[in-house]
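Architecture and fold: a report
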Amino acid sequence: MKKLLTGLLFIPHLLTAQKVINVEYPSEGNIVLSEKISFPKIKSGYTLWLPKEAQKGVIVFFDGYRDTINKTPMIDLALKNQLAILFVTTDNPAEFLFQESKMKELEGYIYEAINKNNIPKENILYCGMSLAGTRALKLTAFSQMSQSKYKLTPKAIAICDAPLDMVRNYHECKKASDLNLNPIGATESEWVASYIRSSLKGTPEEVLNAYINYSPFCYTAENGGNAKAFKNIYLRCYTEPDVNWWIENRGRDYYGMNAIDLAALVNQLKILGGKKAELITTTGKGFREDGSRHPHSWGIVDEKELIEWFIGLPADKKTP
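The following refers to the structure shown. Residues take numbers from 1 onward in each chain, read along the sequence in its written order. The predicted origin of the model limits local features to residues at a pLDDT of at least 70 and limits the giving and counting of side-chain atom pairs to 80 or more, whereas totals for whole chains, interfaces and linings rest on all residues. Side-chain numbers here rest on the full set of heavy atoms in the structure, without hydrogens or water.

Helical geometry: 3.6 residues make up each α-helical turn, so side chains three or four residues apart lie on a common side. Secondary structure elements follow DSSP: runs of H or I of four or more residues count as helices, runs of E of two or more count as strands, with numbering from the N terminus. One less than the residue count of a helix, multiplied by 1.5 Å, gives the span that helix is expected to have. Helix length check: helix 5 (residues 183-199), at 17 residues, gives a terminal C-alpha distance of 24 Å against a target of 24 Å (1.5 Å per residue), a fit within 8%. Contact definition: two residues touch when any of their heavy atoms are within 4.5 Å. Where helix 5 is buried, its residues touch strand 3 (30-32), helix 4 (166-179), helix 6 (208-214) and helix 7 (243-250). Measuring from the backbone nitrogen of Ile-184 back to the side-chain oxygen at the start of helix 5 gives 3.0 Å, which picks out Asn-182 as the cap. Once helix 5 finishes, Lys-201 follows within two positions and takes phi at roughly 65 degrees, a positive value. Side-chain atoms alone can form a polar contact between residues adjacent in sequence; in general such a contact is a pair of N or O atoms within 3.5 Å, and within protein one must be able to donate a hydrogen while the other accepts it.

See the structure below:
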């Protein structure tokens, strides 16, 4: 049985009083990603930031950490607009949600947070950068399955440069690892390919259906595989397809960029008759927190505009 640690913090703020609820479960042991790479488990649980006034909705982040100190600029933007902001994690910061139990765990955290704090269930925005965006789509698709206990389908989703098609992602990671053109890219690609292969019990050539069933979207599958799960949900896919940066810095081209998955998903949803998905591309906005140039960054997202977009969405989340 997990040992629960919970904290309730009242933090002074220049604009409004904030209440922060932190619920976490200590974990022991390591996450093994490949033969060469492993790291300690993190504390699973959730951190919820509540505005002073009654909350009109919630923004959920699936990053590999939970912000308990107001480091994320979007927290202030959300609170100003009477939106709660919620961070949820399993014990694995590199969580792919291969296991149904992990999806149920995150779903349970979200349900507990919104149910105990009277947050409207019909006004939820899921957000995620890179693999966190993959988690956002995975959990959204799971919410529509019989195995889901709480059926918490979000009103909207915003993902940034997330890998979606694991058939493509596996092959490109394997290629980058084998070529070893860049130490950073090769190391990451090696563990990603190894972890996917181990978790799905083989390569795409050996267990193709496992890859299609897992992927939020698969280009080679009929109708994009699981793409239909997002047809009636407002969806924004952000990406900065700076192919020259990828060629010069990582030895990758369009096939090795997550931008190709996002564009294909949005296109597939439109082919299926969906009218709520949009692809947002940027130029020259991708920079990491330390100021270094990298198109694979949450920095390409205009957070203020994103919140305004979410607030302005119609109340009815179903397609007329």
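Mapped onto the elements, Met-257 comes out in the loop between helix 7 and helix 8 (259-271). A C-alpha to C-alpha distance of 8.0 Å links Met-257 and Val-243, two positions 14 residues apart in sequence. Not counting chain neighbours up to four residues away, the residues in contact with Met-257 comprise Arg-168, Pro-241, Asp-242, Val-243 and Trp-246.

The classification of residues rests on relative accessible area computed with a 1.4 Å probe and restricted to protein chains. Under 20% of the type maximum is buried, over 50% is exposed, and intermediate values are partly exposed. Every buried residue of helix 9 (residues 303-311) is listed here: Glu-303, Leu-306, Ile-307, Trp-309 and Phe-310. Down the axis of helix 9, the smallest arc covering the buried residues is 160 degrees, so these residues share one side. Structurally, the start of helix 9 carries an N-cap: the backbone nitrogen of Lys-304 is 3.4 Å from a side-chain oxygen of Asp-302. Working definition: the arc comes from the directions between the helix axis and the C-beta atoms, pointing outward to the latter.

Turning next to the pattern of salt bridges. Between Lys or Arg on one side and Asp or Glu on the other, a salt bridge is scored when a side-chain nitrogen of the former is within 4 Å of a carboxyl oxygen of the latter. Overall, the coordinates contain 15 salt bridges when judged by the stated rule. Here Lys-71 ties to Glu-289 by a salt bridge, and the two come within 3.8 Å at their closest N and O atoms. Here the residue Lys-71 occupies a position in the loop between strand 6 (57-61) and helix 1 (73-80), and Glu-289 occupies one in the loop between strand 11 (277-281) and helix 9, the gap between them amounting to 218 residues. A relative accessible area of 55% means that Lys-71 is categorised as exposed.

Looking now at the side chain of Glu-240. In this fold, Glu-240 is placed in the loop between strand 10 (234-239) and helix 7. Only 2.6 Å separates the side chain of Glu-240 from the side chain of Thr-282, close enough to count as a polar contact. Discounting chain neighbours no more than four positions away, the residues touching Glu-240 are Thr-282, Thr-283, Gly-284, Lys-285, Gly-286, Arg-293, Pro-295 and Ile-300.

Time to look at the packing of helix 1 against helix 9. All axes here are fitted lines through C-alpha atoms, helices being fitted over the stretch that makes contact, and every angle between N-to-C directions spans 0 to 180 degrees. Between helix 1 and helix 9, the shortest axis-to-axis distance is 10 Å and the interhelical angle comes to 35 degrees. In the packing of helix 1 onto helix 9, the handedness of the crossing is right-handed. Listed contacts from helix 9 to Pro-73, Met-74, Leu-77 and Ala-78 of helix 1 are Glu-303, Lys-304, Leu-306 and Ile-307. Here the residues of the contact of helix 1 with helix 9 sort into six nonpolar, no polar and two charged. Left-handed describes a crossing in which the near helix is turned anticlockwise from the far one by less than a right angle; the clockwise case is right-handed. Note that Gly is not counted as nonpolar here; it falls among the polar residues with everything else outside the nonpolar set of Ala, Val, Leu, Ile, Met, Phe, Trp, Tyr, Cys and Pro and the charged set of Asp, Glu, Lys and Arg.

Turning to empty space enclosed by the protein, a few remarks are in order. Unoccupied space between atoms shows up once a probe the size of one water molecule is rolled over them. Here the term cavity refers to a set of points on a 1 Å grid, laid over the protein atoms alone, in which a 1.4 Å probe fits but cannot get out; the term pocket refers to an open set having protein on both sides within 12 Å along at least five of seven lines, with lining residues being those that place an atom within 4 Å of a point. Grid points are joined across faces, edges and corners, and a volume is the space filled by probe spheres set on the points. On inspection of all chains with the given rule, the structure shows one cavity of 30 Å³ or more. Tallied by class, the residues present in the lining of the largest cavity amount to five nonpolar, four polar and three charged.

A word on the packing of helix 2 (residues 100-116) against helix 3 (residues 131-142). Working note: a packed helix pair is described by the angle between its axes plus the distance between those axes. At a closest axis distance of 10 Å, the pairing of helix 2 and helix 3 adopts a crossing angle of 90 degrees. In terms of orientation, helix 2 lies roughly perpendicular with respect to helix 3. Contact with helix 2, carried on its side by Glu-100, Met-103, Lys-104, Leu-106, Glu-107 and Ile-110, involves Lys-138, Leu-139 and Phe-142 of helix 3 and no other residues of that element. Residues that form the contact of helix 2 with helix 3 fall into these classes: five nonpolar, no polar and four charged. What sets the label is the angle itself: under 35 degrees gives roughly parallel, over 145 gives roughly antiparallel, 65 to 115 gives roughly perpendicular, and the rest give oblique.

As a further point, take the layout of surface pockets. A volume near 290 Å³ is recorded for the second largest pocket. Looking at the second largest pocket, it is lined by 18 residues, and the ones nearest its centre are Phe-98, Met-103, Lys-138, Asn-213 and Tyr-214. Contributing elements (two or more residues each) for the lining of the second largest pocket: helix 2, helix 3 and helix 6. For the lining of the second largest pocket, the element with the most residues is helix 3, which contributes four residues.

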